[in-house]
Amino acid sequence: MPKRRISKRLAFRHNIRYGPTNPPEHVSFITDLSDTGVYIKTNKVFRPGTKLYLVIETGHKSYKAEGVVVWAKKAPTHLIQHTKSGMGIKFTSVDQALVDEYRDRA
């Protein structure tokens, strides 16, 4: 039986830079946030288990984090607007200020 989600997801649409190198080289956006991870909407996915460096930009602040890809799904280019394409990332290290912002909104 799959694990149940521990924390609530919040709608949180902001830009993110991500990648396996630091500084991260890919740009996309996240659509939701929990205190344990994020969902990155992108068609540039990495295999589960890949360590990623993350910089989440909210407009007024940037938050740094590190995480591991838990799941990834790449959609064909012509279906990106109609299906889920991206990665679920579990934080291994996260800026405490981002966790505080999550808790303020939850």
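It should be noted that the structure appears before, not after, this text.
Report on the accompanying structure. (Residues numbered from 1 in each chain as written. Predicted model: local features only at pLDDT ≥ 70, side-chain atom pairs only at ≥ 80, totals over all residues. Heavy atoms only, no water.)

1. Section: the overall build of the protein
What the protein contains, in helices and strands, is one helix and six strands. Evaluated residue by residue, the protein yields a buried proportion of 39% over its 106 residues. Summarising the internal contacts of the protein: among those between residues at least 6 apart in sequence, 54% fall at separations of at least 24. As displayed, the protein has an accessible area near 6,700 Å², and 51% of this comes from carbon and sulfur atoms. (Helix = DSSP H or I, 4+ residues; strand = E, 2+ residues; numbered from the N terminus. Buried < 20%, exposed > 50% of the residue type's maximum accessible area, 1.4 Å probe, protein only. Contact = heavy atoms within 4.5 Å. Areas by Shrake-Rupley, 256 points an atom, 1.4 Å probe, with all protein chains shown as cover.)

2. Quick notes on the nonpolar core
Judged by nonpolar contacts, the single largest core of 19 residues is most densely connected at Ile-40 and Leu-54. Elements supplying a minimum of two residues to this core: β1 (10–19), β2 (26–33), β3 (37–41), β4 (51–57), β5 (62–73), β6 (86–94) and α1 (96–105). If we skip the residues at most four places from it in the chain, Ile-40 touches Ile-16, Tyr-18, Ser-28, Phe-29, Ile-30, Leu-54, Ser-85, Gly-86, Met-87 and Ile-89. (Core = buried A, V, L, I, M, F, W, Y, C linked by side-chain atoms within 4.5 Å.)

3. Things to note about the pattern of salt bridges
Tallying each qualifying case throughout the model produces two salt bridges. Here Arg-17 and Glu-57 are joined by a salt bridge, their closest N and O atoms 2.8 Å apart. A residue pair is termed long-range when its members are at least 10 positions apart, and Arg-17 in strand β1 and Glu-57 in strand β4 qualify at 40 residues. Among the residues examined, Arg-17 registers a relative accessible area of 28% and is labelled partly exposed. Residue class for Glu-57 comes out partly exposed when judged on its relative accessible area of 27%. (Salt bridge = Lys/Arg side-chain N within 4 Å of Asp/Glu carboxyl O.)

4. Some thoughts on the packing of aromatic side chains
Summed over all chains, the structure comprises two aromatic pairs. An angle of 85° between the planes, with centres 6.4 Å apart, marks the rings of Tyr-18 and Phe-46 as edge-to-face. Placement of the pair is Tyr-18 in strand β1 and Phe-46 in the loop between β3 and β4, with a sequence separation of 28 residues. When its relative accessible area of 14% is taken as the criterion, Phe-46 is described as buried. Seen in terms of ring centroids, Tyr-39 and Trp-71 are 5.7 Å apart; in terms of plane orientation they differ by 15°. Their pairing is stacked. Placement of Tyr-39 in strand β3 and of Trp-71 in strand β5 is noted, with a sequence separation of 32 residues between them. Residue class for Trp-71 comes out partly exposed when judged on its relative accessible area of 33%. A cation over a ring is seen here: Arg-13 above Phe-29, with NZ or CZ 3.8 Å from the ring centre. Its end group placed over the ring of Phe-46, Lys-44 keeps NZ or CZ at 5.1 Å from the ring centre. (Phe/Tyr/Trp six-rings, centres within 6.5 Å; stacked < 30°, edge-to-face > 60°. Lys NZ or Arg CZ within 6 Å of the ring centre and 35° of its normal.)

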